[in-house]
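Next come the chains, spelled out residue by residue.
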Amino acid sequence: MATLNPVQFIQQVRAEVAKVVWPTRREVLLTTVMVFIMAALTATFFALVDLLIRFGLEGILGMFG
């Protein structure tokens, strides 16, 4: 690995940051909304699975208890 002096390092970092394509405000808003929607759907799915498992176990244990 080549050693760089701090000035070269800062120049390279600034050059790389200049290449970054930042998302627009609309893109950020849409992806944020999609994340919340998917989180809500996932939470709902696992809540329903949890209820099914609980009722199933209560039914099985109720037969023997």
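Residues numbered from 1 in each chain as written. Predicted model: local features only at pLDDT ≥ 70, side-chain atom pairs only at ≥ 80, totals over all residues. Heavy atoms only, no water.

- Per an unreviewed UniProt entry, the recorded name for the protein is Protein translocase subunit SecE, and the organism is Tritonibacter multivorans.
- The annotation that UniProt attaches to the protein under Sequence similarities (unreviewed entry) is "Belongs to the SecE/SEC61-gamma family."
- In the Function (unreviewed entry) part of its UniProt record, the protein is described as follows: "Essential subunit of the Sec protein translocation channel SecYEG. Clamps together the 2 halves of SecY. May contact the channel plug during translocation." (UniProt positions renumbered as here; feature names shortened; annotations may be inferred.)

**A word on the overall build of the protein**
Phase 1 of the analysis: Looking only at helices and strands, the protein has two helices and zero strands in total.
Phase 2 of the analysis: Taken over C-alpha atoms, the radius of gyration comes to 26 Å for the protein, far larger than the 11 Å a tight globule of 65 residues would show.
Phase 3 of the analysis: Dimensions along the principal axes, computed over C-alpha positions, put the protein at roughly 75 × 35 × 10 Å.
Phase 4 of the analysis: Buried residues in the protein amount to 0% of all 65 residues.
Phase 5 of the analysis: In the form shown here, the protein has an accessible surface area of approximately 6400 Å², with 73% of it arising from carbon and sulfur atoms.
Phase 6 of the analysis: Both charge centroids of the protein, one from 5 positive and one from 4 negative side chains, sit 16 Å from each other. (Helix = DSSP H or I, 4+ residues; strand = E, 2+ residues; numbered from the N terminus. Rg over C-alpha atoms; globule rule 2.2 N^0.38 Å. Buried < 20%, exposed > 50% of the residue type's maximum accessible area, 1.4 Å probe, protein only. Areas by Shrake-Rupley, 256 points an atom, 1.4 Å probe, with all protein chains shown as cover. Lys, Arg positive; Asp, Glu negative; His and termini not counted. Charge placed at Lys NZ, Arg CZ, Asp CG, Glu CD.)

**What about the pattern of salt bridges?**
Phase 1 of the analysis: As enumerated under the stated definition, the model contains one salt bridge in all.
Phase 2 of the analysis: Residue Lys 19 pairs with Glu 16 through a salt bridge whose shortest N-O separation is 3.2 Å. Pair noted here: Lys 19 and Glu 16 are both in helix H1 (residues 6-19), with a separation of three residues, about one helical turn. (Salt bridge = Lys/Arg side-chain N within 4 Å of Asp/Glu carboxyl O.)

**Considering the UniProt feature "transmembrane region" (unreviewed entry) in the protein**
Phase 1 of the analysis: On the UniProt side, "transmembrane region" (unreviewed entry) is annotated at positions that read residues 28-53 here.
Phase 2 of the analysis: With 100% helix and 0% strand, residues 28-53 has its two end C-alpha atoms placed 37 Å apart.

**Topic: the packing of aromatic side chains**
Phase 1 of the analysis: What the rule picks out here adds up to one aromatic pair.
Phase 2 of the analysis: Measuring from ring centre to ring centre gives 5.1 Å for Phe 45 and Phe 46, while their planes differ by 70 degrees; the resulting arrangement is edge-to-face.
Phase 3 of the analysis: Across from the ring centre of Phe 55, 5.5 Å away, lies the NZ or CZ of Arg 54, which sits over that ring. (Phe/Tyr/Trp six-rings, centres within 6.5 Å; stacked < 30°, edge-to-face > 60°. Lys NZ or Arg CZ within 6 Å of the ring centre and 35° of its normal.)

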